[in-house]
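# Structural characterization, general
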Amino acid sequence: MSSHGQHAFIAPGQGDVRSPCPALNTLANHGYINRSGKGISASSLIDSLTTIYHLSLPLATTLVAGGFLSCCSGDIGEGISLHALAAHNKIEHDASLVHDDALPGAKFAPTQVNQTLVNKLLDTYPDGLGINDLAEARWSREMMLPQEKKPKLNVLHEEIGHGEAALTWLLMKDNTNVVTAKTLRQWYGVETFPETYVIPTEEISLEMARTVSAEIGRIMKRHS
């Protein structure tokens, strides 16, 4: 994997679009998928997820198929826009760790990172986040929904939230099984590959992601 040359980081420009997902936005910001964020084919997404993040083919295919089936409103053959993945309450959901909730009645959620939420997350966990910390952070964020006059997440979106936290840990953890604050600031806050990022040596399987996601869900229930 390269973060230089044709794959150097370039922030999105005028007319470019992004999603609520840091993993996909990072791929676009580094040119592994269309930098515009538009007209992205299923095959290019699957290829990038398997090669750059070392997701297994079944896991990558499941994620991409879910995105296309839930959010692609046009001809699938023409690809998908990252912005389409911001369609509210499709895959996207309220209580993101670093994005604002969708405004009342909005069809799409904000895709711009809320740096105040990033700072709050990293101030709370200055030594980084392990599985327990990610579960606690998700629980705390979901507990903010009543204050924001938002409904509780439904079961589907709770599970999606668990899965997002699980993939963050699986992709970005260091050799002490912690995602460092610096890594999170770069990946969540800037949407670039962290300086320390290396492609995981072990393929991240669908079963592995499910196992970690379920563990995060169990930890969250203990906080309730």
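You'll find the structure just up there.
What you see is a predicted model; the values in this text were computed from it and never measured.

## Some words on the overall build of the protein chain
Regarding its fold elements, the protein chain presents 8 helices and 0 strands. Shown N-terminal to C-terminal, the secondary structure of the protein chain runs as helices and strands in the order α-α-α-α-α-α-α-α. A compact globule built from 224 residues would reach a C-alpha radius of gyration of about 17 Å, and the protein chain, at 16 Å, matches this within 12%. Counting every position in the protein chain, which comprises 224 residues, the buried fraction comes to 49%. Within the protein chain, contacts between residues at least 6 apart in sequence are counted, and of these 61% link residues at least 24 apart. Looking at charge distribution, the protein chain has the averaged site of its 18 positive side-chain charges lying 4 Å from that of its 24 negative ones.

## Topic: the packing of aromatic side chains
The relation between two aromatic rings is expressed through the spacing of the ring centres and the mutual angle of the planes. Summed over all chains, the structure comprises 6 aromatic pairs. Both rings, one in Tyr53 and one in Trp187, keep their centres 6.3 Å apart while their planes meet at 70°; by these two values the pair is edge-to-face. Here Tyr53 is found in the loop between α2 (42-51) and α3 (57-71), whereas its partner Trp187 is found in helix α7 (residues 181-190), with 134 residues between them in sequence. Neither Tyr53 nor Trp187 differs from the other in exposure class; each is buried. Between Trp187 and Tyr188, the ring centres sit 6.0 Å apart and the planes meet at 15°, which makes this aromatic pair stacked. Neither residue differs from the other here; Trp187 and Tyr188 are each classed as buried. Cluster of aromatic residues (ring-pair linked, three or more members): Tyr32, Tyr53, Trp187, Tyr188, Phe193 and Tyr197. Of note, Lys173 hangs over the ring of Trp169, and the distance from its end group to the ring centre comes to 5.0 Å.

## Looking at the nonpolar core
One finds Leu27, Leu45, Leu49, Tyr53, Leu55, Ile80 and Ile216 to be the most contacted residues of the largest nonpolar core, which totals 55 residues. At the level of elements, α1 (22-29), α2, α3, α4 (115-124), α5 (131-143), α6 (155-172), α7 and α8 (206-223) are the ones that each hand at least two residues to this core. Per-element accounting of this core gives the leading share, 7 residues, to α6.

## Some remarks on the layout of surface pockets
Counted as a void, the largest pocket has a volume near 1,200 Å³. At the level of secondary structure, the elements contributing two or more residues to the lining of the largest pocket comprise α1, α2, α3, α6, α7 and α8. Take the lining of the largest pocket: its biggest share by element is 11 residues, from α6. Per-class residue counts for the lining of the largest pocket are 28 nonpolar, 12 polar and 6 charged.

Rules and cut-offs
- The numbering scheme is per chain: residues are counted from 1 as the chain's sequence reads.
- Only residues with pLDDT of 70 or above have their local features reported here, since the model is predicted, and side-chain atom pairs are shown and tallied only from 80 upward, although totals for entire chains, interfaces and linings are computed over all residues.
- Side-chain measures were taken over the full set of non-hydrogen atoms in the model, leaving aside hydrogen atoms and water.
- To qualify as a helix, a DSSP run of H or I must reach at least 4 residues; to qualify as a strand, a run of E must reach at least 2; elements of each kind are numbered from the N terminus.
- The quantity called the radius of gyration is restricted to C-alpha atoms. Its globule counterpart is 2.2 Å times the number of residues to the power 0.38.
- Working definition: with a 1.4 Å probe on protein chains only, accessible area under 20% of the residue-type maximum means buried, over 50% means exposed, and in between means partly exposed.
- Every residue pair with non-hydrogen atoms within 4.5 Å of one another is taken to be in contact.
- Positive charges come from Lys and Arg, negative ones from Asp and Glu, while His and the chain ends are left out of the count.
- Where a charge sits is defined by one atom per residue type, namely NZ (Lys), CZ (Arg), CG (Asp) or CD (Glu).
- Pairing of aromatic rings covers Phe, Tyr and the six-membered ring of Trp, with a centre-to-centre limit of 6.5 Å; geometry is then stacked below 30 degrees between planes, edge-to-face above 60, and tilted otherwise.
- Two conditions define a charge sitting above a ring: the NZ of Lys or the CZ of Arg must be within 6 Å of the ring centre, and it must be within 35 degrees of the ring normal.
- In this text, buried Ala, Val, Leu, Ile, Met, Phe, Trp, Tyr and Cys residues form a nonpolar core when linked through side-chain atoms within 4.5 Å.
- Site definitions follow a grid-based scheme: protein atoms alone, a 1 Å grid, a 1.4 Å probe that fits but cannot get out for cavities, and for pockets an open set with protein on both sides within 12 Å along at least five of seven lines, plus lining residues having an atom within 4 Å of a point.
- Grid points are joined across faces, edges and corners, and a volume is the space filled by probe spheres set on the points.
- Polar here means any residue other than Ala, Val, Leu, Ile, Met, Phe, Trp, Tyr, Cys and Pro, which are nonpolar, and Asp, Glu, Lys and Arg, which are charged; Gly is therefore polar.

Take it as geometry only, folks, not as evidence of what the structure does.
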